[in-house]
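Fold and contact review
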Amino acid sequence: MSTSNGAKENSHNKARTSPYPGSKVQRSQVPNEKVGWFVEWQDYNPVEYTAVSVLAGPRWADPQISESNFSPKFNEKDGHVERKSQNGLYEIENGRPRNPAGRTGLVGRGLLGRWGPNHAADPIITRWKRDSSGNKITHPISGKNILQFVAIKRKDCGEWAIPGGMVDPGEKISAALKREFGEEALNSLQKSGAEKKELEEQLHKLFSQEHLVIYKGYVDDPRNTDNAWMETEAVNYHDETGEVMDNLTLEAGDDAGKVKWVDISDQLQLYASHSQFIKLVAEKRDAHWSEDSETETECRGL
């Protein structure tokens, strides 16, 4: 993603919505043509907001920039904290990192713990939709096989989403992908020792096979601010035969209210940029996406 085009590619819309999640805070309005930092805007007057839960100083959050003992190393690995962006170097202005996608109408960190990039991992677990005889089901119009993925209903906003979450300091992306899926879609945190061991064996089968990295980089997220933003690595693990997932019972846990298998199509309404990730999976797996064949042709040409 280019850092200069701002909203041109619809890459920066949810990051300008009000009220800010979990609050009544209204962002300063940023018109499309003023999103990019390269556009001069002397009257730009963003609202300052960092949630009380972040200011309380939990272990996953940075201190305020103004604190004397805090000197973060931006654009590099800072101890165990990854402050490098997957989109390349970001600028620092007045000691604060600047959102590479442009203005959001809000400064501070909002609900995000880290100044600069906040790294997440999104595991997209897929299988083919099958009939009672085990045959793949094709869509009557597109003629392509229908793919399903594991979706969770987020407790915080009620939207359906990929069961991902934040990468812990020092944690490998691969480990975060497996941990988040276990916690959110299989309720691993509430399992007994024996159940956890069995679950771990099944998850190892699924997560040790070949996979597709679908997306790495900036995410248009409603929590983003001018100084803190979400980035993710979305990875598709595909259970071709369905046998691995048949041995795992979906059970919502942690931040998830519900969990289920969802048919993939362009009718999906998902959290943040998740619909875009799911569309990319459908294209890579040559699965059904849209009933409009013209749209499918255009997409492949993008």
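If you check an unreviewed UniProt entry, the protein chain appears there as ADP-ribose pyrophosphatase, mitochondrial from Mustela putorius furo. Quoted verbatim from the Function (unreviewed entry) field of the UniProt record, the comment on the protein chain reads "Hydrolyzes ADP-ribose (ADPR) to AMP and ribose 5'-phosphate." What the UniProt record of the protein chain gives under Subunit (unreviewed entry) is the line "Monomer. Interacts with GLOD4."

With that settled, the discussion passes to the overall build of the protein chain. Along the backbone of the protein chain there are six helices and 13 strands. For the protein chain, whose C-alpha radius of gyration is 20 Å, the value lies close to the compact-globule estimate of 19 Å for 302 residues. Overall size of the protein chain, expressed as C-alpha extent along the three principal axes, is 65 × 50 × 35 Å. Counting only residues that meet the buried cut, the protein chain has 48% of its 302 residues in that class.

Let's shift gears to the pattern of salt bridges. Counting across every chain of the model gives 17 salt bridges. Notably, a salt bridge pairs R179 with D168, separated by 3.7 Å at the nearest N-O pair. Pair noted here: R179 is in helix 2 (residues 173–185) and D168 is in the loop between strand 10 (165–166) and helix 2, with a separation of eleven residues, a long-range link. When its relative accessible area of 31% is taken as the criterion, D168 is described as partly exposed. The partner of R223 in a salt bridge is D221, and the shortest N-O contact between them spans 2.9 Å. What makes D221 buried here is its relative accessible area of 2%. Ionic contacts of the salt-bridge type, sharing partners, join the residues D168, E171, R179, E180 and E183 into one network.

Here the focus is the packing of aromatic side chains. Taken as a whole and judged by the stated rule, the model has eight aromatic pairs. Both rings, one in Y20 and one in Y49, keep their centres 5.5 Å apart while their planes meet at 65°; by these two values the pair is edge-to-face. Residue Y20 is found in the segment before strand 1 (47–50), and its partner Y49 is found in strand 1; the two are separated by 29 residues along the sequence. In terms of burial, Y20 and Y49 fall into one category: buried. Where F74 meets Y90, the ring centres are 6.3 Å apart and the plane angle is 70°; that geometry is what we call edge-to-face. Taken together, the residues span a long stretch of sequence, with F74 in the loop between helix 1 (52–55) and strand 2 (77–78) and Y90 in the loop between strand 3 (81–82) and strand 4 (92–93) at a distance of 16 residues. No difference in accessibility class separates F74 from Y90, as the two residues are buried. Linked through ring pairs, W37, W41 and Y44 together constitute an aromatic cluster.

Backbone torsion omega between S18 and P19 reads -5°, so that peptide bond is classified as cis. Within the secondary structure, P19 sits in the segment before strand 1. Phi at N75 takes a positive value of approximately 65°, unusual for a residue other than glycine. Along the chain, N75 turns up in the loop between helix 1 and strand 2. Residues other than glycine seldom take positive phi values, yet N187 does so here, at roughly 55°. Examined against the element boundaries, N187 turns out to sit in the loop between helix 2 and helix 3 (193–207).

Considered for burial, the residues of helix 5 (residues 274–284) that qualify are H274, F277, I278, V281 and A282. Axial view of helix 5: buried residues confined to an arc of 140°, hence all on one face. Next to the buried residues of helix 5 lie strand 7 (116–128), strand 8 (147–154), strand 9 (160–161), strand 11 (211–218) and strand 12 (228–238). D286 occupies a position one or two residues after helix 5 and carries a positive phi of about 55°.

Estimates place the volume of the largest pocket at around 1200 Å³. Lining the largest pocket are 50 residues, and of these H119, A120, G165, M166 and V167 lie nearest its centre. When residues of the lining of the largest pocket are traced back to their parent elements, those giving at least two are helix 1, strand 3, strand 7, strand 8, strand 10, helix 2 and strand 12. Here the lining of the largest pocket is composed, by residue class, of 18 nonpolar, twelve polar and 20 charged.

Rules behind the numbers
Residues numbered from 1 in each chain as written. Predicted model: local features only at pLDDT ≥ 70, side-chain atom pairs only at ≥ 80, totals over all residues. Heavy atoms only, no water. UniProt positions renumbered as here; feature names shortened; annotations may be inferred. Helix = DSSP H or I, 4+ residues; strand = E, 2+ residues; numbered from the N terminus. Rg over C-alpha atoms; globule rule 2.2 N^0.38 Å. Buried < 20%, exposed > 50% of the residue type's maximum accessible area, 1.4 Å probe, protein only. Salt bridge = Lys/Arg side-chain N within 4 Å of Asp/Glu carboxyl O. Phe/Tyr/Trp six-rings, centres within 6.5 Å; stacked < 30°, edge-to-face > 60°. Arc of directions from axis to C-beta. Contact = heavy atoms within 4.5 Å. 1 Å grid on protein atoms, 1.4 Å probe; cavity = no way out; pocket = protein on both sides within 12 Å on 5 of 7 lines; lining within 4 Å. Points joined across faces, edges and corners; volume = space filled by probe spheres on them. Nonpolar A, V, L, I, M, F, W, Y, C, P; charged D, E, K, R; others polar.

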